[in-house]
Amino acid sequence: MTSTMERNKKKTDTLAFCLGILLVGVLIQTAGWLKNDRLVFPDVGEILAAFVRLLGTGKVWKQIGTTLLHLLEALALSSVIGTALGLIQGRNPFVRTLLRPLMILLRSIPMIVMTVIIMVLAKYEKVPLIATSLMLIPLISEATCEGFLRIEPEMIDVYRMNSGFTPRVLFQVYLPLMAGYLKQAYVNAVGMGIKLAVTTEYLVQARDSLGKAVYSSAYFNEYAEIYAYALIMILLAVLVSEVPKWIGKAYTKSHS
């Protein structure tokens with residue numbers, strides 16, 4: 001019965017997602033009709049045609065690869081630093097209070113200001129990685145700290161009877177108990193990360209990237225291409241966030 005309910009829920013979610021995509025198309029069409037400007041708000045058919053055309057070119061796949069590399073590098077770097085900082089903050093109230101202003105600053109500073117600062121301090125090709133990582137670190141750090149603080153004290157007491165805080169305890173005790181918080185932080189970081197990466201690429205004109213492509217399309221008033229690139233970015237974010245889930249399910253089935 002539970003399996004049937006899960007299948008029905010998946011079907012409902014899929015239907016709702018498809019209707020959501022349709023709703024976006026309707027909103028774009030309505031905006032074009034209200035504004036009476038098909039240049040800025042082109043027909044959905046024109047956007048889809050641009051989307052298919054772009055995917056048929058090798059240049060776009062190279063741009064996707066560049067942006068995806070920036071995103072994955074930023075996710076990896078921010079995950080390592082954010083998780084480490086979150087664990088330290090969770091274990092030490094003084095450090096948690098000490099780092100709070102810095103986390104608020106990183107979380108609140110406008111992206112364009114952060115990018116301009118990094119552009120002065122680092123080489124342009126490193127800006128998408130550095131700026132995106134700095135913006136994602138507070139997200140992962142706060143989730144890690146919150147997950148740490150929510151662990152039941154009784155569970156921590158069990159390992160303390162036999163061992164101190166070691167890497168083995170970290171990976172076998174703490175991280176599994178914090179998995180729910182880390183998973184949600186990762187999903188949020190992927191969605192935010194792709195936007196941050198493309199924004200920084202746009203600002204620094206990163207070579208062979210989606211940000212550079214969006215800039216070129218805007219320069220030549222190719223708004224259908226801009227919407228098509230946005231669709232590519234959405235699909236990219238969904239893919240990156242779903243792949244770990246697929247791998248986890250496949251691993252679970254193979255060991256069950």
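Cut-offs and rules
- Residues numbered from 1 in each chain as written.
- Predicted model: local features only at pLDDT ≥ 70, side-chain atom pairs only at ≥ 80, totals over all residues.
- Heavy atoms only, no water.
- Helix = DSSP H or I, 4+ residues; strand = E, 2+ residues; numbered from the N terminus.
- Buried < 20%, exposed > 50% of the residue type's maximum accessible area, 1.4 Å probe, protein only.
- Contact = heavy atoms within 4.5 Å.
- Areas by Shrake-Rupley, 256 points an atom, 1.4 Å probe, with all protein chains shown as cover.
- Expected span 1.5 Å × (residues − 1).
- Bend = angle between axes of the 7 residues up to and from the residue.
- Core = buried A, V, L, I, M, F, W, Y, C linked by side-chain atoms within 4.5 Å.
- Salt bridge = Lys/Arg side-chain N within 4 Å of Asp/Glu carboxyl O.
- Phe/Tyr/Trp six-rings, centres within 6.5 Å; stacked < 30°, edge-to-face > 60°.
- Axes fitted to C-alpha atoms, helices over the stretch in contact; angles between N-to-C directions.
- Left-handed = near helix turned anticlockwise from the far one by under 90°.
- Nonpolar A, V, L, I, M, F, W, Y, C, P; charged D, E, K, R; others polar.
- Polar contact = N/O pair within 3.5 Å; in protein donor to acceptor, adjacent residues only side chain to side chain.

### Focus on the overall build of the chain
And then number 1: Along the chain, the regular secondary structure elements total 11 helices and zero strands.
And then number 2: Out of the 256 residues in the chain, the part that is buried amounts to 34%.
And then number 3: Intrachain contacts of the chain at a sequence separation of at least 6 include 69% that bridge at least 24 residues.
And then number 4: Total accessible area on the chain stands at roughly 15800 Å², and carbon and sulfur atoms take up 68% of it.

### Quick word on helix H6 (residues 127-149)
And then number 1: End to end, H6 covers 33 Å across 23 residues, agreeing with the expected 33 Å (1.5 Å per residue, within 8%).
And then number 2: The largest bend in H6 is about 30 degrees, located at Leu136, with the proline Pro138 one to four residues further on.

### Observations concerning the nonpolar core
And then number 1: Membership of the largest hydrophobic core comes to 34 residues, with the highest contact counts inside it found for Leu75, Met114, Ile194, Leu210, Tyr229, Ile232 and Met233.
And then number 2: Those elements that place two or more of their residues in this core are helix H2 (44-55), helix H3 (58-91), helix H5 (111-121), H6, helix H9 (179-204), helix H10 (210-219) and helix H11 (223-254).
And then number 3: It is H11 that contributes the most residues to this core, eight residues altogether.
And then number 4: With residues near it in sequence (within four places) discarded, Met233 still touches Ile194, Val198, Leu210 and Val214.

### What to know about the pattern of salt bridges
And then number 1: If you walk through the whole model with that rule in mind, you get four salt bridges.
And then number 2: The salt bridge involving Glu225 is made with Arg53; its shortest N-O contact spans 3.3 Å. Placement of the pair is Glu225 in helix H11 and Arg53 in helix H2, with a sequence separation of 172 residues.
And then number 3: When its relative accessible area of 15% is taken as the criterion, Glu225 is described as buried.
And then number 4: What makes Arg53 partly exposed here is its relative accessible area of 45%.

### Side note on the packing of aromatic side chains
And then number 1: Under the defined criterion, the tally for this structure stands at two aromatic pairs.
And then number 2: Aromatic pair Tyr202 and Tyr215: ring centres 5.4 Å apart, planes at 70 degrees, arrangement edge-to-face. One end of the pair, Tyr202, is in helix H9; the other, Tyr215, is in helix H10, and 13 residues separate them in sequence.
And then number 3: When the centroid spacing of 5.0 Å and the interplanar angle of 85 degrees are considered together, the rings of Tyr219 and Phe220 count as edge-to-face.
And then number 4: The exposure class of Phe220 is exposed, given its relative accessible area of 57%.

### Some thoughts on the packing of H3 against H6
And then number 1: Their axes nearest at 6 Å, the elements H3 and H6 cross at an angle of 35 degrees. Handedness of the H3/H6 crossing: right-handed.
And then number 2: Looking at side-chain class alone, the contact of H3 with H6 contains 14 nonpolar, 12 polar and two charged residues.

### Overview of the side chain of Gln89
And then number 1: With respect to the element layout, Gln89 can be found in helix H3.
And then number 2: One polar contact links Gln89 to Ser141, side chain to side chain, over a distance of 2.5 Å.

### Considering unusual backbone geometry
And then number 1: One non-glycine residue, Gln205, lies in the positive phi region at around 55 degrees.
And then number 2: Along the chain, the position of Gln205 falls in the loop between H9 and H10.
And then number 3: Positioned with a positive phi, Asn221 is a non-glycine residue whose angle comes to about 60 degrees.
And then number 4: Here Asn221 shows up in the loop between H10 and H11.

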